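Architecture at a glance
The residues making up each chain are set out below.
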Amino acid sequence: EGKLYYQNALRDEAITGLTKAQEEQIRACIQVREMIRDVIAVQRDEVSDVGVRAAQAKLNEVYDAYVETYGRIAADKGLKKVFEKDASYPLLCSLEIYNENEFIGKSDIFSKRTINPYIVPEHADTAADALTISMQQKGKVDLGYMMGLTGIGQGEIIQQLEYTSIYYDFEQQKYQLADEYLSGDIRGKIEYLENLTNELKEEKETILRDLVTPWKRAPNYEAKNEIEE
């Protein structure tokens, strides 16, 4: 409703006891602050420099108008007293470069790209790079996604990463980062793998026995004569 408040996690705190001049200066600072945020947002989201330069031009215009009326931000002790509680006060001060107490110029955000936009990688040279991208974009070890990034087959990716960077979780039936797999209930995981190993060993021995000595599938059969035996 046109009133000034400090916004924090617990409540909105009304700002009181300001003179009209102080309130006007705070509103001007807020305008500069929003222009800074616009420049940061455009740099983060825009691949083209055209939008960045347009946002920087607005920031220069707003900042210059502020300085013409109120003077430099970081050197203004009166402003600090009424505005430093705002979390963006250091951001405002970062607009100006000083040598000791002497102003020497504007910071790079007025004229240069200080943040590069994040572009999702479409290619990875190695399985390790693909794993990093997979964790960033998918939040998990996504072998299909990693195959698309590298052009490498699933078997080769696993061969390059298994037991160093990734482990297969048999309970969840998926690969996990080594740090994730080798944490938590390690004793429980060891016990599960030991039981699984024994089960697989018995299953393998049964299959091999049936393949090599199929007549032993019916061990209780008794031959009726010597020829049958």
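**Some words on the environment of Asp 12**
Note on placement: Asp 12 falls in strand β2 (residues 12-14). Excluding anything up to four places from it in sequence, Asp 12 contacts Tyr 5, Tyr 6 and Gln 7.

**Brief notes about a negative patch on the surface**
Together, Glu 171, Asp 185, Glu 191 and Glu 194 line one region of the surface with negative charge. With respect to the helices and strands, Glu 194 occurs in helix α9 (residues 186-212). Given the relative accessible area of 48%, Glu 194 is considered partly exposed.

**Some words on the packing of aromatic side chains**
The relation between two aromatic rings is expressed through the spacing of the ring centres and the mutual angle of the planes. Tallying each qualifying case throughout the model produces 7 aromatic pairs. Considering the side-chain rings of Tyr 66 and Tyr 70, the 5.0 Å spacing of their centres and the 40 degrees angle between planes classify their relative orientation as tilted. Placement of both Tyr 66 and Tyr 70 in helix α2 (residues 49-70) is noted, with a separation of 4 residues, approximately one turn of the helix. With relative accessibility at 3%, the residue Tyr 66 sits in the buried group. The exposure class of Tyr 70 is partly exposed, given its relative accessible area of 27%. Note on Tyr 168 and Tyr 175: the rings are 5.0 Å apart at their centroids and 70 degrees apart in plane angle, and the pair reads as edge-to-face. Residue Tyr 175 is classed as buried on the basis of its relative accessible area of 14%. Connected via pairs of aromatic rings, a cluster forms that spans Tyr 163, Tyr 167 and Tyr 181. The lysine or arginine in question, Arg 72, covers the ring of Phe 103, its NZ or CZ lying 3.8 Å from the ring centre. Here the guanidinium or amino end of Lys 106 rests over the ring plane of Phe 110, the centre of that ring lying 4.9 Å away.

**What to know about the confidence of the model for the protein**
Within the protein, residue pLDDT values average 89, and 97% of them lie at 70 or more. The least confident element of the protein, judged by mean pLDDT, is β2 at 83; the most confident is helix α7 (residues 154-161) at 96.

**Some points on the environment of Asn 101**
In this structure, Asn 101 sits in the loop between β3 (96-99) and β4 (102-106). Judged by its relative accessible area of 78%, Asn 101 falls in the exposed class. Counting along the chain gives 13 residues from Asn 101 to Ser 88, while the straight-line C-alpha distance between them is 21 Å.

**Observations concerning the pattern of salt bridges**
Per the counting criterion, the structure on display carries 9 salt bridges. Among the salt bridges present, the one from Arg 33 reaches Asp 86, with a minimum N-O distance of 3.0 Å. In this pair, Arg 33 sits in helix α1 (residues 20-45) while Asp 86 sits in the loop between α3 (77-83) and α4 (89-93), placing the two residues 53 residues apart along the sequence. For Asp 86, a relative accessible area of 14% puts it in the buried group. Residue Arg 44 pairs with Asp 45 through a salt bridge whose shortest N-O separation is 3.4 Å. In this structure Arg 44 comes out as partly exposed when scored by relative accessible area, which is 45%. Each member of the salt-bridge network shares a partner with another, and the members are Arg 33, Glu 34, Arg 37 and Asp 86.

Each value, and the rule that gives it
Residues numbered from 1 in each chain as written. Predicted model: local features only at pLDDT ≥ 70, side-chain atom pairs only at ≥ 80, totals over all residues. Heavy atoms only, no water. Helix = DSSP H or I, 4+ residues; strand = E, 2+ residues; numbered from the N terminus. Contact = heavy atoms within 4.5 Å. Patch = residues over 30% accessible without salt bridge, like charges linked within 9 Å, V, L, I, M, F, W, Y side chains within 5 Å. Areas by Shrake-Rupley, 256 points an atom, 1.4 Å probe, with all protein chains shown as cover. Salt bridge = Lys/Arg side-chain N within 4 Å of Asp/Glu carboxyl O. Lys, Arg positive; Asp, Glu negative; His and termini not counted. Charge placed at Lys NZ, Arg CZ, Asp CG, Glu CD. Buried < 20%, exposed > 50% of the residue type's maximum accessible area, 1.4 Å probe, protein only. Phe/Tyr/Trp six-rings, centres within 6.5 Å; stacked < 30°, edge-to-face > 60°. Lys NZ or Arg CZ within 6 Å of the ring centre and 35° of its normal. pLDDT = per-residue confidence, 0-100.

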